[in-house]
Amino acid sequence: MTGLRGTPRAGLDQRTRRRALILSAVTAASAVFALIDYDPLKLVPVNPVQAVVLLVLALIGFAGTTLGSRPILFGVGAVMIVLGLIRLVTYGQWFGLIGSVGTAALLAGLGMAYIGTMLAGNKPDI
């Protein structure tokens, strides 16, 4: 993308922006489905604390997409991966704040999708 007089401008191209918006919507939908008490929608066991974390990360993802900020979207992906890895490392411990292994897979998968979306998108010429 270029700014005034053809100077390079950092940001997200249209395809990457669309992918990031869809991914943020899927993350928000996962959080909302976790809060709804309807069994067919609960494919992955997510408790209310995790649902709030997912919803906050989805909102940050929406904001990062709106602002066209790659670092924010990379950060959202990194936080999700770290939360997923923490759950895998602490599997079997007495505290279950992060949830089940299915939740760890959901978080790590969404985090990798965020980072993959940024890596696959067109990089700005700087």
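Higher on the page you've got the structure.
Notes on the structure in this doc start here. (Residues numbered from 1 in each chain as written. Predicted model: local features only at pLDDT ≥ 70, side-chain atom pairs only at ≥ 80, totals over all residues. Heavy atoms only, no water.)

### Let's talk about the overall build of the protein
Then step 1. Counting its secondary structure elements, the protein contains four helices and zero strands.
Then step 2. When each of the 126 residues of the protein is scored for burial, the buried share is 35%.
Then step 3. In the protein, the proportion of contacts linking residues at least 24 apart, taken out of those at least 6 apart, comes to 71%. (Helix = DSSP H or I, 4+ residues; strand = E, 2+ residues; numbered from the N terminus. Buried < 20%, exposed > 50% of the residue type's maximum accessible area, 1.4 Å probe, protein only. Contact = heavy atoms within 4.5 Å.)

### Some details on helix α3 (residues 70-89)
Then step 1. Across its 20 residues, α3 extends 28 Å between first and last C-alpha, which sits within 8% of the 28 Å expected from 1.5 Å per residue.
Then step 2. All buried positions along α3 are accounted for by Arg 70, Leu 73, Val 76, Gly 77, Met 80, Ile 81, Gly 84 and Arg 87. All buried residues of α3 lie within an arc of 135 degrees about the axis, which places them on one face of the element. Of the residues in α3, the exposed ones pointing more than 90 degrees away from the buried face are Pro 71 and Val 89.
Then step 3. Among the residues of α3, the N-terminal cap falls to Ser 69, whose side-chain oxygen and the backbone nitrogen of Ile 72 are separated by 3.4 Å. (Expected span 1.5 Å × (residues − 1). Arc of directions from axis to C-beta. Polar contact = N/O pair within 3.5 Å; in protein donor to acceptor, adjacent residues only side chain to side chain.)

### Digging into a nonpolar patch on the surface
Then step 1. A cluster of nonpolar side chains, contributed by Val 32, Phe 33, Ile 36, Leu 55 and Leu 59, occupies part of the molecular surface with about 390 Å² of accessible area.
Then step 2. When residues of the nonpolar patch are traced back to their parent elements, those giving at least two are α1 (14-35) and α2 (48-67).
Then step 3. Along the chain, Leu 55 turns up in helix α2.
Then step 4. What makes Leu 55 partly exposed here is its relative accessible area of 30%. (Patch = residues over 30% accessible without salt bridge, like charges linked within 9 Å, V, L, I, M, F, W, Y side chains within 5 Å. Areas by Shrake-Rupley, 256 points an atom, 1.4 Å probe, with all protein chains shown as cover. Salt bridge = Lys/Arg side-chain N within 4 Å of Asp/Glu carboxyl O.)

### Quick notes on the side chain of Thr 117
Then step 1. Positionally, Thr 117 belongs in helix α4 (residues 101-120).
Then step 2. The class for Thr 117 is buried, based on a relative accessible area of 10%.
Then step 3. Apart from the residues within four sequence positions on either side, Thr 117 is in contact with Thr 16, Arg 19, Ala 20 and Leu 23.

### Re α2
Then step 1. A rise of 1.5 Å per residue sets the reference length of α2, with its 20 residues, at 28 Å; its end C-alpha atoms lie 28 Å apart and thus fit the reference within 8%.
Then step 2. Taken together, the buried positions of α2 are occupied by Gln 50, Ala 51, Leu 54, Leu 57, Ala 58, Gly 61, Gly 64 and Thr 65. Buried residues of α2 fall within an arc of 145 degrees about the axis and therefore sit on the same side. α2 presents Pro 48, Leu 59, Thr 66 and Leu 67 as exposed residues on the side facing more than 90 degrees away from its buried surface.
Then step 3. Contacts made by the buried residues of α2 are with α1, α3 and α4.
Then step 4. Phi for Gly 68, located one or two positions after α2, is positive at around 70 degrees.

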